[in-house]
Amino acid sequence: MIKSLFFDIDGTLVSFKTHEIPQSTVNAIAQAKAKGVGIYISTGRPLSIINNLKAIEPYIDGYITTNGALCLVEGTTVCCNPIPEQDVKTLIHDADVNDYTVLVVGEKDVRLYNPKPIFHEVFYQQLNVTTIDTTLPAMPVIQTQRILQFTPFFPESHEAQLMEQLPGCVSGRWHPAFTDITAREADKGKGLMAMAHYLGLDPSETMAFGDGGNDVAILRQAGIGVAMGNAGTEARLAADYVTTSVDDDGVLNALKYFHVI
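Keep in mind that what you see is a predicted model, and the values were worked out from it rather than measured.

Novice: Help me understand the overall build of the chain in this model?
Specialist: Assigned secondary structure in the chain consists of nine helices and 13 strands. In terms of overall size, the chain behaves like a compact globule, its C-alpha atoms giving a radius of gyration of 17 Å where 261 residues would be expected to give roughly 18 Å. Looking at the 261 residues of the chain, the share that counts as buried comes to 57%. Expressed as a percentage of contacts within the chain between residues at least 6 apart in sequence, the contacts between residues at least 24 apart total 59%. Counting every atom, the chain has about 11100 Å² of accessible surface; 50% of that belongs to carbon and sulfur. Between the mean site of the 18 positive side-chain charges and the mean site of the 30 negative ones, the chain shows a separation of 3 Å.

Take a look at the structure:
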(Lines give C-alpha, C1' and ligand atoms only; values in the text may rest on other atoms or scores of the structure.)
Protein backbone atom coordinates (compact mmCIF):
# COMPACT_ATOMS: atom_id res chain seq x y z
CA MET A 1 0.00 0.00 0.00
CA ILE A 2 1.40 3.39 -0.98
CA LYS A 3 1.45 5.79 1.96
CA SER A 4 3.64 8.61 0.62
CA LEU A 5 4.25 10.25 -2.75
CA PHE A 6 7.45 12.05 -3.76
CA PHE A 7 7.33 14.47 -6.69
CA ASP A 8 10.07 16.13 -8.70
CA ILE A 9 9.08 19.66 -9.72
CA ASP A 10 10.35 20.74 -13.15
CA GLY A 11 9.04 18.50 -15.92
CA THR A 12 7.09 16.35 -13.45
CA LEU A 13 4.71 18.55 -11.47
CA VAL A 14 5.33 21.73 -13.44
CA SER A 15 5.15 21.92 -17.21
CA PHE A 16 8.15 23.32 -19.05
CA LYS A 17 5.65 24.74 -21.56
CA THR A 18 3.28 26.60 -19.23
CA HIS A 19 5.41 26.88 -16.03
CA GLU A 20 2.31 25.75 -14.15
CA ILE A 21 0.97 22.58 -12.54
CA PRO A 22 -1.77 21.04 -14.70
CA GLN A 23 -5.16 21.13 -13.02
CA SER A 24 -5.45 17.35 -13.36
CA THR A 25 -2.31 17.01 -11.23
CA VAL A 26 -3.62 19.42 -8.60
CA ASN A 27 -6.88 17.46 -8.40
CA ALA A 28 -5.07 14.10 -8.21
CA ILE A 29 -2.81 15.28 -5.37
CA ALA A 30 -5.82 16.66 -3.49
CA GLN A 31 -7.55 13.28 -3.82
CA ALA A 32 -4.49 11.40 -2.58
CA LYS A 33 -4.10 13.76 0.37
CA ALA A 34 -7.77 13.31 1.27
CA LYS A 35 -7.14 9.55 1.46
CA GLY A 36 -4.34 10.11 3.98
CA VAL A 37 -1.40 9.77 1.60
CA GLY A 38 1.64 11.94 2.43
CA ILE A 39 2.71 14.46 -0.20
CA TYR A 40 6.42 15.30 -0.50
CA ILE A 41 8.51 17.28 -2.95
CA SER A 42 11.80 15.92 -4.30
CA THR A 43 13.73 18.59 -6.17
CA GLY A 44 17.11 19.90 -7.16
CA ARG A 45 15.94 23.37 -6.19
CA PRO A 46 16.78 24.87 -2.81
CA LEU A 47 13.74 25.84 -0.78
CA SER A 48 14.24 29.55 -1.45
CA ILE A 49 13.67 29.21 -5.20
CA ILE A 50 10.69 26.88 -5.12
CA ASN A 51 8.31 29.45 -6.54
CA ASN A 52 5.88 27.41 -8.63
CA LEU A 53 3.94 25.14 -6.25
CA LYS A 54 1.28 27.52 -4.92
CA ALA A 55 -1.53 25.40 -6.33
CA ILE A 56 -0.56 22.43 -4.14
CA GLU A 57 1.18 24.09 -1.17
CA PRO A 58 -1.67 23.26 1.26
CA TYR A 59 -1.12 19.55 0.59
CA ILE A 60 2.68 19.40 0.98
CA ASP A 61 4.04 17.64 4.08
CA GLY A 62 7.77 17.96 3.47
CA TYR A 63 10.63 18.48 1.06
CA ILE A 64 13.69 16.74 -0.29
CA THR A 65 15.60 19.81 -1.53
CA THR A 66 18.91 20.36 -3.33
CA ASN A 67 18.84 16.75 -4.55
CA GLY A 68 18.76 15.35 -1.02
CA ALA A 69 21.34 17.63 0.60
CA LEU A 70 18.65 19.14 2.83
CA CYS A 71 15.44 17.30 3.75
CA LEU A 72 12.62 18.87 5.77
CA VAL A 73 9.33 17.72 7.28
CA GLU A 74 7.04 20.47 8.54
CA GLY A 75 10.03 22.75 9.11
CA THR A 76 12.13 20.15 10.93
CA THR A 77 15.48 19.24 9.37
CA VAL A 78 15.61 15.50 8.72
CA CYS A 79 19.09 15.50 7.15
CA CYS A 80 21.73 17.96 5.96
CA ASN A 81 24.75 16.91 3.90
CA PRO A 82 27.06 19.75 2.84
CA ILE A 83 29.80 19.50 0.21
CA PRO A 84 33.29 18.88 1.68
CA GLU A 85 35.32 22.09 2.01
CA GLN A 86 38.15 20.89 -0.23
CA ASP A 87 35.67 20.08 -3.01
CA VAL A 88 34.18 23.56 -2.64
CA LYS A 89 37.62 25.10 -3.18
CA THR A 90 38.34 22.80 -6.14
CA LEU A 91 35.13 23.66 -7.95
CA ILE A 92 35.44 27.41 -7.46
CA HIS A 93 39.03 27.27 -8.73
CA ASP A 94 37.85 25.30 -11.77
CA ALA A 95 35.13 27.88 -12.44
CA ASP A 96 37.78 30.61 -12.39
CA VAL A 97 40.17 28.73 -14.68
CA ASN A 98 37.47 27.68 -17.18
CA ASP A 99 35.34 30.82 -16.82
CA TYR A 100 31.86 29.40 -16.24
CA THR A 101 29.03 30.52 -13.99
CA VAL A 102 27.92 28.59 -10.90
CA LEU A 103 24.78 28.84 -8.80
CA VAL A 104 25.93 28.46 -5.19
CA VAL A 105 23.45 27.14 -2.62
CA GLY A 106 24.50 27.80 0.94
CA GLU A 107 22.63 26.79 4.07
CA LYS A 108 20.94 30.20 4.19
CA ASP A 109 21.57 32.01 0.92
CA VAL A 110 21.70 31.38 -2.82
CA ARG A 111 24.14 33.35 -4.95
CA LEU A 112 25.50 33.35 -8.49
CA TYR A 113 29.27 33.10 -8.92
CA ASN A 114 30.87 34.55 -12.07
CA PRO A 115 27.55 35.61 -13.69
CA LYS A 116 27.04 34.79 -17.38
CA PRO A 117 24.07 35.40 -19.76
CA ILE A 118 23.35 31.66 -19.92
CA PHE A 119 22.01 31.76 -16.36
CA HIS A 120 19.29 34.23 -17.32
CA GLU A 121 18.55 32.35 -20.54
CA VAL A 122 17.95 29.10 -18.66
CA PHE A 123 16.66 30.06 -15.20
CA TYR A 124 14.71 33.20 -16.07
CA GLN A 125 13.40 32.32 -19.54
CA GLN A 126 13.11 28.52 -19.50
CA LEU A 127 12.48 27.70 -15.83
CA ASN A 128 10.77 30.95 -14.82
CA VAL A 129 13.00 31.30 -11.74
CA THR A 130 13.33 35.06 -11.29
CA THR A 131 13.89 35.33 -7.54
CA ILE A 132 17.71 35.24 -7.50
CA ASP A 133 19.46 38.59 -7.21
CA THR A 134 22.48 38.07 -9.45
CA THR A 135 24.08 41.34 -8.31
CA LEU A 136 24.83 40.02 -4.81
CA PRO A 137 28.36 38.62 -4.33
CA ALA A 138 28.79 34.88 -3.89
CA MET A 139 32.13 34.79 -2.04
CA PRO A 140 30.70 35.79 1.38
CA VAL A 141 28.38 32.77 1.17
CA ILE A 142 31.15 30.46 -0.03
CA GLN A 143 33.45 31.60 2.78
CA THR A 144 30.98 31.63 5.68
CA GLN A 145 28.27 29.03 4.99
CA ARG A 146 28.26 25.31 4.44
CA ILE A 147 27.54 24.69 0.76
CA LEU A 148 24.71 22.29 -0.02
CA GLN A 149 24.83 22.39 -3.81
CA PHE A 150 26.63 23.82 -6.81
CA THR A 151 24.90 24.22 -10.16
CA PRO A 152 27.66 24.87 -12.71
CA PHE A 153 26.86 25.71 -16.30
CA PHE A 154 29.06 23.56 -18.52
CA PRO A 155 28.66 20.63 -20.96
CA GLU A 156 28.76 16.94 -20.04
CA SER A 157 32.26 16.62 -21.46
CA HIS A 158 33.66 18.96 -18.80
CA GLU A 159 31.49 17.43 -16.10
CA ALA A 160 33.25 14.08 -16.53
CA GLN A 161 36.67 15.73 -16.12
CA LEU A 162 35.69 17.79 -13.08
CA MET A 163 33.98 15.02 -11.12
CA GLU A 164 37.26 13.08 -11.05
CA GLN A 165 38.61 15.96 -8.95
CA LEU A 166 35.64 16.01 -6.53
CA PRO A 167 35.86 12.71 -4.60
CA GLY A 168 33.26 13.81 -2.04
CA CYS A 169 30.60 14.71 -4.60
CA VAL A 170 28.08 13.31 -7.05
CA SER A 171 26.51 14.95 -10.09
CA GLY A 172 22.89 14.83 -11.21
CA ARG A 173 22.22 16.42 -14.59
CA TRP A 174 18.63 17.16 -15.54
CA HIS A 175 19.22 19.93 -18.07
CA PRO A 176 21.66 20.05 -21.00
CA ALA A 177 23.06 23.43 -19.90
CA PHE A 178 23.95 22.56 -16.30
CA THR A 179 24.27 19.90 -13.66
CA ASP A 180 23.62 19.80 -9.90
CA ILE A 181 26.57 18.79 -7.73
CA THR A 182 26.03 17.70 -4.13
CA ALA A 183 27.89 15.77 -1.44
CA ARG A 184 28.26 12.04 -2.14
CA GLU A 185 25.97 11.38 0.83
CA ALA A 186 23.22 13.39 -0.86
CA ASP A 187 20.97 12.30 -3.70
CA LYS A 188 17.22 12.03 -3.98
CA GLY A 189 17.29 8.30 -3.27
CA LYS A 190 19.19 8.78 -0.02
CA GLY A 191 16.84 11.63 0.77
CA LEU A 192 13.87 9.31 0.39
CA MET A 193 15.49 6.78 2.74
CA ALA A 194 16.11 9.48 5.35
CA MET A 195 12.53 10.71 5.04
CA ALA A 196 11.10 7.20 5.21
CA HIS A 197 13.11 6.45 8.37
CA TYR A 198 11.97 9.70 9.97
CA LEU A 199 8.33 9.05 9.03
CA GLY A 200 8.38 5.40 10.07
CA LEU A 201 7.72 4.18 6.54
CA ASP A 202 9.06 1.19 4.69
CA PRO A 203 10.47 2.26 1.29
CA SER A 204 8.02 -0.17 -0.32
CA GLU A 205 5.23 2.16 0.86
CA THR A 206 6.55 5.06 -1.22
CA MET A 207 6.02 6.14 -4.83
CA ALA A 208 8.30 8.61 -6.61
CA PHE A 209 7.78 10.60 -9.81
CA GLY A 210 10.52 12.11 -11.96
CA ASP A 211 11.77 12.93 -15.42
CA GLY A 212 15.49 13.76 -15.25
CA GLY A 213 18.88 12.27 -14.53
CA ASN A 214 18.81 13.54 -10.96
CA ASP A 215 15.64 11.48 -10.39
CA VAL A 216 17.28 8.13 -11.18
CA ALA A 217 18.28 7.36 -7.58
CA ILE A 218 14.84 8.03 -6.09
CA LEU A 219 13.03 6.19 -8.89
CA ARG A 220 15.14 3.14 -8.08
CA GLN A 221 14.81 3.51 -4.31
CA ALA A 222 11.06 4.05 -4.07
CA GLY A 223 8.62 1.19 -3.80
CA ILE A 224 7.27 2.30 -7.19
CA GLY A 225 9.26 4.59 -9.45
CA VAL A 226 7.25 6.44 -12.10
CA ALA A 227 8.91 8.21 -15.03
CA MET A 228 6.96 10.86 -16.86
CA GLY A 229 6.24 10.43 -20.56
CA ASN A 230 8.56 13.37 -21.24
CA ALA A 231 11.37 11.78 -19.20
CA GLY A 232 14.87 11.17 -20.48
CA THR A 233 16.25 7.71 -21.17
CA GLU A 234 18.02 7.39 -17.79
CA ALA A 235 14.86 8.07 -15.82
CA ARG A 236 12.78 5.75 -17.99
CA LEU A 237 15.21 2.88 -17.49
CA ALA A 238 15.30 3.44 -13.73
CA ALA A 239 11.50 3.50 -13.35
CA ASP A 240 9.05 0.68 -12.76
CA TYR A 241 6.44 2.39 -14.89
CA VAL A 242 6.33 5.13 -17.53
CA THR A 243 3.21 7.28 -17.48
CA THR A 244 2.12 9.97 -19.93
CA SER A 245 3.78 13.40 -20.01
CA VAL A 246 3.33 16.20 -17.50
CA ASP A 247 1.14 18.00 -20.06
CA ASP A 248 -0.96 14.89 -20.71
CA ASP A 249 -2.23 14.08 -17.19
CA GLY A 250 0.81 11.94 -16.34
CA VAL A 251 0.51 12.17 -12.55
CA LEU A 252 -3.24 11.57 -12.57
CA ASN A 253 -2.93 8.58 -14.89
CA ALA A 254 -0.22 6.91 -12.81
CA LEU A 255 -2.06 7.39 -9.51
CA LYS A 256 -5.15 5.85 -11.06
CA TYR A 257 -3.14 3.00 -12.61
CA PHE A 258 -1.71 2.02 -9.21
CA HIS A 259 -5.05 2.60 -7.43
CA VAL A 260 -3.65 5.29 -5.15
CA ILE A 261 -6.76 7.33 -5.98
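Novice: Quick question: what am I supposed to make of the pairing of strand β3 (residues 62-65) here?
Specialist: Regular strands place side chains that alternate from one sheet face to the opposite one. Of the two faces of β3, both are covered, the one formed by Gly62 and Ile64 as well as the one formed by Tyr63 and Thr65. Relative to β3, strand β2 (residues 38-42) runs parallel, the two being bridged by three bridges. By the bridge assignment, Tyr40 is partnered in β3 with Gly62. Counted along the chain from β3 to the antiparallel partner strand β4 (residues 70-73), the turn is four residues long, and its residue Thr66 has a positive phi close to 40°.

Novice: Just to check I follow, could you spell out helix α5 (residues 156-163) for this structure?
Specialist: It helps to recall that an α-helix has 3.6 residues per turn; residues three or four apart then point in one direction. Among the residues of α5, those classed as buried are His158, Glu159, Leu162 and Met163. Looking down the long axis of α5, one finds its buried residues gathered within 130° of arc, a one-sided arrangement. On its buried face, α5 sits against α2 (85-98), β9 (169-175) and β10 (178-183).

Novice: Would you mind going over the sheet that holds β4 with me for this structure?
Specialist: Reading across from one edge, β5-β4-β3-β2-β1-β11-β12-β13 is the order of the eight strands in this open sheet, with mixed pairing throughout. Of all strands in the sheet, those bounded by a partner on one side alone are β5 (76-80) and β13 (241-242).

Novice: Could you clarify how one ought to interpret the packing of aromatic side chains in this entry?
Specialist: Tallying each qualifying case throughout the model produces 13 aromatic pairs. Judged by centre distance (6.0 Å) and plane angle (70°), the ring pair of Phe119 and Phe153 falls under edge-to-face. Of this pair, Phe119 sits in helix α3 (residues 117-126) while Phe153 sits in the loop between β8 (147-152) and α5, placing them 34 residues apart in sequence. The pair Phe119 / Phe153 is uniform in exposure class, with both members buried. Pairing Tyr241 with Phe258 gives two aromatic rings, centres 5.2 Å apart and planes at 85°, and the pair type is edge-to-face. Residue Tyr241 is found in strand β13, and its partner Phe258 is found in the segment after α9 (250-257); the two are separated by 17 residues along the sequence. One aromatic cluster is present, formed by Phe119, Phe123, Tyr124, Phe153, Trp174 and Phe178 through successive ring pairs.

The rules behind the values
- Residues numbered from 1 in each chain as written.
- Predicted model: local features only at pLDDT ≥ 70, side-chain atom pairs only at ≥ 80, totals over all residues.
- Heavy atoms only, no water.
- Helix = DSSP H or I, 4+ residues; strand = E, 2+ residues; numbered from the N terminus.
- Rg over C-alpha atoms; globule rule 2.2 N^0.38 Å.
- Buried < 20%, exposed > 50% of the residue type's maximum accessible area, 1.4 Å probe, protein only.
- Contact = heavy atoms within 4.5 Å.
- Areas by Shrake-Rupley, 256 points an atom, 1.4 Å probe, with all protein chains shown as cover.
- Lys, Arg positive; Asp, Glu negative; His and termini not counted.
- Charge placed at Lys NZ, Arg CZ, Asp CG, Glu CD.
- Pairing = 2+ DSSP bridges.
- Arc of directions from axis to C-beta.
- Phe/Tyr/Trp six-rings, centres within 6.5 Å; stacked < 30°, edge-to-face > 60°.

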